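# Understanding the architecture of this molecule
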Amino acid sequence: MAAAVVLLRPLCRLCRVVLFLSQFYILSGGGSFSEEPSQPLPQAIKDPGPTRTFTAVPRAAESTDIPPYVMKCPSNGLCSRLPADCIDCKTNFSCVYGKPVTFDCTVKPSVTCVDPDFKSQKSFVLNMTCRFCWQLPEADYECFSSSDCRAVSCPRQRYPTNCTVRDHVHCLGNRTFPKMLYCNWTGGYKWSTALALSITLGGFGADRFYLGQWREGLGKLFSFGGLGIWTLIDVLLIGVGYVGPADGSLYI
């Protein structure tokens, strides 16, 4: 028994040395069980398909805007007959009213014209009469008409409006100007029809009803034309044009 104990002692010491060396080896890092970071599993790569290449194409230079006055300017016509909106003239307001006068003019950009010899030119001399635009005859300008006034009234009514000179007419000053005009519009009533009704059916007020004067028409209807006197008076008044449509317009 004692002999077995003596044999086990060296074995135990050997085991202790082996255990010590193994621990020292582990602590020194030689046998550490460090876990390496796990690598992500490879994923399936999707095919993006054929790649499209876009080439930037430069825009073409935008065309120059055409001035609005060019639509009024005839191409390759005589420069002296161009509308006033197509030319620029060096006017002189000290000219004598009603006398002939000449001005140096040039055509505006984008306008082409020729001289009497059909040669292209940009500068020319314009012959005209010395007068302002508001002094022109009524046939040389257009005005906005109004139906809000009474054409048949005493005194005769006027209304304010704006007038514009026609394109082919040349004058001094602003081509659009204010003006007071007499009321001159019609509602479609005929003088001959009103007179015929007054002569034939005036005793029943037909003439007054036709002119839109229903109150006077009822008065004549229930009084039998004022016993004939009112009928004769209306014939005279309509005949001379003193009695007109109720809306204040003129006869056709």
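The residue count restarts for each chain, going from 1 along the sequence in the order it is written. Under the rules for a predicted model, residues below a pLDDT of 70 receive no local features and side-chain atom pairs below 80 are neither given nor counted, while totals for whole chains, interfaces and linings still include all residues. Computation of side-chain values: all heavy atoms of the structure, hydrogens and water removed.

## Some details on the UniProt feature "transmembrane region" (unreviewed entry) in the protein
Applicable threshold: UniProt positions are given in the numbering used here, feature names are shortened, and annotations may be inferred rather than shown by experiment. Labels follow the DSSP assignment, with helices taken as runs of H or I lasting at least four residues and strands as runs of E lasting at least two, numbered in each case from the N terminus.
Per the UniProt record, the feature "transmembrane region" (unreviewed entry) sits at residues 221-243. Measuring from the first to the last C-alpha atom of residues 221-243 gives 18 Å, for a span that is 74% helix and 0% strand.

## A word on the nonpolar core
Our working rule: Remark: nonpolar core denotes a set of buried residues (Ala, Val, Leu, Ile, Met, Phe, Trp, Tyr, Cys) joined through side-chain atoms within 4.5 Å. Classification of residues uses two cut-offs on accessible area relative to the type maximum, computed with a 1.4 Å probe and protein chains only: under 20% is buried, over 50% is exposed, and between them is partly exposed. Residues are treated as being in contact if the distance between any of their heavy atoms lies within 4.5 Å.
Residues Leu82, Ile87, Val107, Val111 and Phe124 are the most contacted members of the largest nonpolar core, which totals 19 residues. At the level of elements, strand E3 (100-107) and strand E5 (123-129) are the ones that each hand at least two residues to this core. Residues contacting Ile87, with those up to four places away along its chain left out, are Leu82, Cys105, Thr106, Val107, Lys108, Phe124, Leu126 and His170. One finds Cys133, Tyr141, Cys171 and Phe177 within the second-largest nonpolar core, a separate group that totals eight residues.

## A short note on the sheet that holds strand E7 (residues 158-165)
Short version of the rule: Strands are labelled as partners when DSSP assigns at least two bridges between them. Lines fitted to C-alpha atoms define the axes here, with helix axes fitted over just the stretch in contact, and angles between the N-to-C directions of these axes take values from 0 to 180 degrees.
Reading across the sheet, the three strands line up as E6-E7-E8 and stay open at both edges, with antiparallel pairing between neighbours. In the strand order of this sheet, the two ends are held by strand E6 (141-143) and strand E8 (176-182), each with one partner. In this sheet, adjacent strand axes meet at a mean angle of 40° when their direction is disregarded. Bridge count for E7 against E8 is seven bridges, and the pairing is antiparallel. Note on E8: the bridge partner recorded for Arg158 is Tyr182.

## Topic: the sheet that holds E3
The sheet built from three strands is open, its strands ordered E2-E3-E5 with antiparallel pairing. At either margin of the open sheet sits one strand with a lone partner, and together these are strand E2 (87-89) and E5. Across the sheet, the mean angle separating the axes of adjacent strands is 40° when strand polarity is ignored. Direction of pairing for E2 relative to E3: antiparallel, over a ladder of three bridges. When the sheet's bridge partners are listed, Asp88 is paired in E3 with Thr106.

## A look at the state of the cysteines
Disulfide: a covalent bond connecting the sulfur atoms of a pair of cysteines. The cut-off we apply is this: Any two cysteine sulfur atoms within 2.5 Å of one another count as a disulfide.
Per the stated rule, a full pass over the model turns up six disulfides. Each sulfur of the disulfide joining Cys89 and Cys105 lies 1.9 Å from the other. On the sign convention where negative is left-handed, the bridge of Cys89 and Cys105, at about 105° about the S-S bond, is right-handed. In this pair, Cys89 sits in strand E2 while Cys105 sits in strand E3, placing the two residues 16 residues apart along the sequence. For Cys89, a relative accessible area of 27% gives the class partly exposed. Under the relative-accessibility criterion, Cys105 is labelled buried at 1%. In this model Cys143 forms its disulfide with Cys163; the gap between the sulfur atoms is 1.9 Å.

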